[in-house]
Amino acid sequence: MVQVLRFSNSSLVRDGNTIVNNLNWEVTSDQRWIILGANGAGKTSLLDMAAGWDVPSSGQVTVLDEDLSTADPEWLRPRVGYASSSMSKRIPPTETVSDAVITAAYAAADRRGEQFEDLDIRRARRVLAEWRLESLSDRTLVSLSEGEAKRMQIARSIMTDPELLLLDEPTAGLDLGSREEIMQMLGYFAGNPTAPAIIMVTHHVEEIPRGFTHVLLVKDGGAAYAGPIASTLTSENLTDVFGVKVTVYNNDGRYSAQASL
């Protein structure tokens, strides 16, 4: 295992507001992390820095041995897969699913007359099949259901064979069937020893797929608790982070939580 991400006394300040506060956190290549925390706790900002889209106001963030303060974004970003609704909005809604996935290999949001290489075409077909999108390859993004769009975001994020995969709420807003389908696929992917390190943000413990190994509980922009899920995702820790009494249940690797107000 090798270190793929390190936050060292890292803070992020915007308009005088501290979004990330003196964070210390490390991720290695064999780990699959969940980030949990209240709204406004800084979860997505952590992913933005891990993806190289933002740099810390103080401290240091190292991604794949590159210091963000000096790293070349054009070199770093293709090595990090990032699946999020905000990222997908950069892609024209009239783009086809196939082109939306394959253009990730060219660090582009849309196809602009490029002739794709055969190697990239073959990889895109394989990725589409893995995420059950092959029958939708000629559909436009605007025609997709929410669940299909979420799968497209993930497929695009792994098109470049990244060394670090970031997932920002990949099951948010989905119905039960679509949520469980993606969670099953993510659990299978996370359990593959050839998969990259994975960091997934979610608001709900019910949306933690099997196969994830660690959890970071964020409070006021800092790391309140971090470690293996079994010992860190506890009722006491969630009660502290969310400010209400929470009881956590573990049903054969699937978690749920109930609050007492």
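Owing to the predicted nature of the structure, the values given are computational and were not obtained by experimental measurement.

Novice: Would you take a moment to explain the sheet that holds strand 3 (residues 32-37) for this structure?
Specialist: Within a sheet, adjacent strands bond to each other through the backbone by hydrogen bonds, running parallel or antiparallel. Strand order in this open sheet of six strands is 6-7-8-3-9-10, and the pairing throughout is mixed. Strands with a single pairing partner mark the edges of an open sheet, and in this sheet they are strand 6 (80-83) and strand 10 (222-228). With strand direction ignored, the average angle separating the axes of adjacent strands in the sheet is 15 degrees. In this sheet, strand 8 (residues 197-201) lies alongside strand 3 in parallel orientation, the contact comprising four bridges. Within the sheet, the bridge partner assigned to Arg 32 lies in strand 8 and is Ile 198. Here helix 1 (residues 43-50) sits on the sheet in contact with strand 3, strand 6, strand 7 (164-168), strand 8 and strand 9 (214-219), set at roughly 150 degrees to strand 7.

Novice: I would appreciate a short explanation of the sheet that holds strand 4 (residues 58-63) in the present structure.
Specialist: Overall, antiparallel pairing links the four strands, which are arranged 2-1-4-5 in an open sheet. Two strands lie at the open edges of the sheet, namely strand 2 (17-28) and strand 5 (66-67), each paired on one side alone. Pairing of strand 4 with strand 5, which is carried by two bridges, proceeds in the antiparallel orientation. When the sheet's bridge partners are listed, Thr 62 is paired in strand 5 with Asp 67.

Novice: Looking at this model, I keep getting lost on the side chain of Ser 235. Mind explaining?
Specialist: Mapped onto the elements of the fold, Ser 235 is located in helix 9 (residues 235-242). Here Val 248 takes part through its backbone nitrogen, which lies 2.9 Å from a polar atom of the side chain of Ser 235. Not counting the four nearest positions on each side in its chain, Ser 235 is found in contact with Val 246, Thr 247 and Val 248.

Novice: When you look at unusual backbone geometry in this model, what are you seeing that I'm missing?
Specialist: Note on backbone geometry: most residues besides glycine have negative phi, and most peptide bonds are trans. Its identity as a non-glycine residue notwithstanding, Asn 22 has a phi of 50 degrees, on the positive side. Note that Asn 22 resides in strand 2. Take Asn 22: its relative accessible area is 42%, and that puts it in the partly exposed class. The backbone of Asp 65 sits at a positive phi, close to 65 degrees, despite the residue not being glycine. By the secondary structure assignment, Asp 65 is in the loop between strand 4 and strand 5.

Novice: What should I look at first to understand the packing of aromatic side chains in this one?
Specialist: Using the criterion set out here, one finds three aromatic pairs in the structure. Between Trp 25 and Trp 33, the aromatic rings sit 5.4 Å apart at their centres with planes inclined by 85 degrees, giving edge-to-face as the arrangement. What makes Trp 25 buried here is its relative accessible area of 5%. One aromatic cluster is present, formed by Phe 7, Trp 25 and Trp 33 through successive ring pairs. Above the face of the Trp 53 ring, Arg 90 is positioned so that its terminal group lies 4.5 Å from the ring centre.

Reading guide: rules and limits
- Residues numbered from 1 in each chain as written.
- Predicted model: local features only at pLDDT ≥ 70, side-chain atom pairs only at ≥ 80, totals over all residues.
- Heavy atoms only, no water.
- Pairing = 2+ DSSP bridges.
- Helix = DSSP H or I, 4+ residues; strand = E, 2+ residues; numbered from the N terminus.
- Axes fitted to C-alpha atoms, helices over the stretch in contact; angles between N-to-C directions.
- Contact = heavy atoms within 4.5 Å.
- Polar contact = N/O pair within 3.5 Å; in protein donor to acceptor, adjacent residues only side chain to side chain.
- Buried < 20%, exposed > 50% of the residue type's maximum accessible area, 1.4 Å probe, protein only.
- Phe/Tyr/Trp six-rings, centres within 6.5 Å; stacked < 30°, edge-to-face > 60°.
- Lys NZ or Arg CZ within 6 Å of the ring centre and 35° of its normal.

Note that all results are geometric; they support no functional claim without further evidence.
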